[in-house]
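One-letter residues, chain by chain:
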Amino acid sequence: MNSLQSLATSSLAPSDRLARGLGYFALGIGLLQLLAPRRITRPLGLEGRETLVRACGAGKMLNGLGALSDNPTPAIRTRFAGNALDLALLAPGLSADNPKRDNVRLVMALLLGCTLLEALTARSLSERHVRPRDMHVADYGQRSGFPRPAEAMRGAAGDFRTPADMRAEIGVGPA
Amino acid sequence: MKALCWHGKNDIRYDTVPDPSIEDPRDAIVKVSSCAICGSDLHLYDHYIPGMESGDVMGHEFMGEVVEVGAEVHRLRPGDRVVVPFTIFCGECEQCLRGNYSVCERSNRNRELGDKAFGHATAGLFGYSHLTGGYAGGQAEYVRVPFADTTHIKVPDSLSDEQVLFLGDIFPTGWQAVVQCDVQSGDTVAIWGAGPVGQFCVRSAVLLGARQVICIDRVPERLSMAEAGGAIAINFDEESVLERLNELTRGKGPEKCIDAVGLEAHATRSLDSVYDRAKQAVMLETDRPHVLREMIYVCRPAGVLSIPGVYGGLVDKLPMGPLMNKGLTVRTGQTHVNRWTDDLLRRIEAGQIDPSFVITHQVGLEQGPDMYRVFRDKLDNCIKVVLKP
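These figures come from a predicted structure and were not determined experimentally. (Residues numbered from 1 in each chain as written. Chains lettered and ligands numbered in written order. Predicted model: local features only at pLDDT ≥ 70, side-chain atom pairs only at ≥ 80, totals over all residues. Heavy atoms only, no water.)

**Observations regarding the pairing of strand 3 (residues 28-37) of chain B**
All names here are of chain B.
And step 1. Within strand 3, eight of the ten residues are buried, which leaves the element mostly enclosed by the surrounding structure.
And step 2. Judged from the seven bridges that link them, strand 3 and strand 5 (residues 62-69) form a sheet pairing that is antiparallel. The residue bridging V32 from the neighbouring strand is G64, located in strand 5. (Buried < 20%, exposed > 50% of the residue type's maximum accessible area, 1.4 Å probe, protein only. Helix = DSSP H or I, 4+ residues; strand = E, 2+ residues; numbered from the N terminus. Pairing = 2+ DSSP bridges.)

Next up, the structure:
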């Protein structure tokens, strides 16, 4: 008998709650990027990149839905790719001729902070929910539930009669 | 008293709740000695079944000792040891008289809700949403059992809790799944899912004389348990299910196919399962019917599909063409538990089967919340969890 020792009074751990929060956050930001990209590009001096912002927004919304699903781990893990895209989108804003590059720096710092938080969350979720690749696999090969080998038990309930309403005698031959 | 309560998606808590009391003269109160987490509880845990409310007591697989009975309970008395079937039934309505206990016409006290969801309401169930009556479940120290004169299975002291507990659900569920296939001695029975119900389907098919029993899953320890019961295992992560099933049946397909998976089918290598997950995420589909599609496709013409796996709502891209043209029979439904339990209890007493083989974890009720996670995520070689209040 296996015996895990845990006295958690709720099945939701802080990392699960954090993943959920990150999911809602991604949905919110994604929706903003998708519907009002100029509200993102203007304060960052990145006018003209609205299409890219919309694409990033769509990706974030999908990711947010994934993070809110019953298995948020893959979505949180793949946030790195989304954040890398965001950073690539922001990078041109660091050029010396962008008067709003301080805003870009601030957003990049926030993004890096988020990435760190997501990395920690992904790690914690993996530890809690993901079956380790090197997990010891129990051999339940002796757990037949039968008093004799399974082959010897074949048809042992031969005294059972299928009730009339559960018969499915299809193709027993023409009447 | 202490109980495991639902508080939202993936949020089960070990709570203190009011003790149950006799609300109707036909009620009894049972002090729970053992209860289990069922695979279908995971559909509530993952919030795929609608109609749950925060604070609802979980659990529909439990047993214990009768401690109090209502004035109109005649077949039970305090001290009796009982397993409680997950389907609550009156034993008197038209459906009950036919033995269709899981669609009892009286026990669902939220009939209007059930009528709206399913066209016609089904029976009341313990701890399984307000669509089925909103009755408090058995993952608790005490439970109120409505229609107690019928809704019980008396069990002898000579058998342990572990030997009889599963008479309340998974053993008769696996049994009925095979019985409604009407297995003949030359049949091949293919069973999708090697979880607890799948394990009992395997044993039932063997006992009922199927020539060949095949079990499909991806979790190695579950497949090894299925093999122990007499099944040929197919790991769908390692080989093609369709090719292997055709190979094992000389290209004809299995006569009888059983879906012991239900609405949360997991299939990593098929396009349709990715499609299902995407649609489910944006609420355009409630259930993932990958197993149904595969069964319809691979089943031998004029064969039988048996579906004990739980579905909650709507599915998409169901291949009706093959289903109709191959003349397949579909049998499904919640289990009419008490229709089978006298016979199954006799088989346990005779030593034909010991259902405790499936238990992999036995812990206190207070560890229940974490065990939901362990069971759902298939960690620690978990197949069946028994909780002790």
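**Remarks on the pattern of salt bridges**
Pairing of side chains with opposite charge becomes possible as their charged atoms draw close.
Residues and elements named next belong to chain B.
And step 1. In total, this model carries 36 salt bridges over all chains according to the counting rule given.
And step 2. One salt bridge connects D27 with R144, and the closest N-O pair in it is separated by 2.6 Å. With D27 in the loop between strand 2 (12-16) and strand 3 and R144 in strand 9 (residues 142-145), this residue pair connects regions lying 117 residues apart in the sequence. Both residues of the pair, D27 and R144, count as buried. (Salt bridge = Lys/Arg side-chain N within 4 Å of Asp/Glu carboxyl O.)

**Regarding a nonpolar patch on the surface**
And step 1. A contiguous nonpolar patch, built from V315(B), L318(B) and M320(B) and spanning about 230 Å² of accessible area, is present on the exposed surface.
And step 2. In this fold, L318(B) is placed in the loop between strand 15 (304-307) and helix 11 (320-325). (Patch = residues over 30% accessible without salt bridge, like charges linked within 9 Å, V, L, I, M, F, W, Y side chains within 5 Å. Areas by Shrake-Rupley, 256 points an atom, 1.4 Å probe, with all protein chains shown as cover.)

**Some remarks on the pairing of strand 2 of chain B**
Residues and elements named next belong to chain B.
And step 1. Examined bridge by bridge, strand 1 (residues 2-6) and strand 2 share five bridges and lie antiparallel to one another. By the bridge assignment for strand 2, C5 is matched with R13.
And step 2. In textbook terms, the turn of a hairpin is the stretch between consecutive antiparallel strands, and for strand 1 and strand 2 this stretch comprises five residues, one of which, G8, has a positive phi near 130 degrees.

**Regarding the nonpolar core**
Nonpolar side chains in soluble globular proteins generally cluster together in the buried interior.
All names here are of chain B.
And step 1. Formed by 107 residues in total, the largest nonpolar core has its most connected members in F166, L167, W175 and V358.
And step 2. Counting residues per element, this core draws most heavily on helix 6 (residues 196-207), which supplies seven residues.
And step 3. Apart from residues no more than four positions distant in its own chain, F166 is found in contact with A36, E61, F171, P172, F200, P355, V358, I359, K384 and V386. (Core = buried A, V, L, I, M, F, W, Y, C linked by side-chain atoms within 4.5 Å. Contact = heavy atoms within 4.5 Å.)

**Observations regarding the sheet that holds strand 13 (residues 232-235) of chain B**
Two strands in a sheet stick together by hydrogen bonds in their backbones, pointing the same way (parallel) or opposite ways (antiparallel).
Residues and elements named next belong to chain B.
And step 1. The six strands lie next to each other as 13-12-11-14-15-16, forming an open sheet whose pairing is parallel. The open sheet is flanked by strand 13 and strand 16 (329-332), the only strands paired with a single partner. In this sheet, adjacent strand axes meet at a mean angle of 20 degrees when their direction is disregarded.
And step 2. Sheet topology places strand 11 (residues 188-192) next to strand 14 (residues 256-259); four bridges connect them, and they run parallel. Paired with A190 across the strands is C257, a residue of strand 14. (Axes fitted to C-alpha atoms, helices over the stretch in contact; angles between N-to-C directions.)

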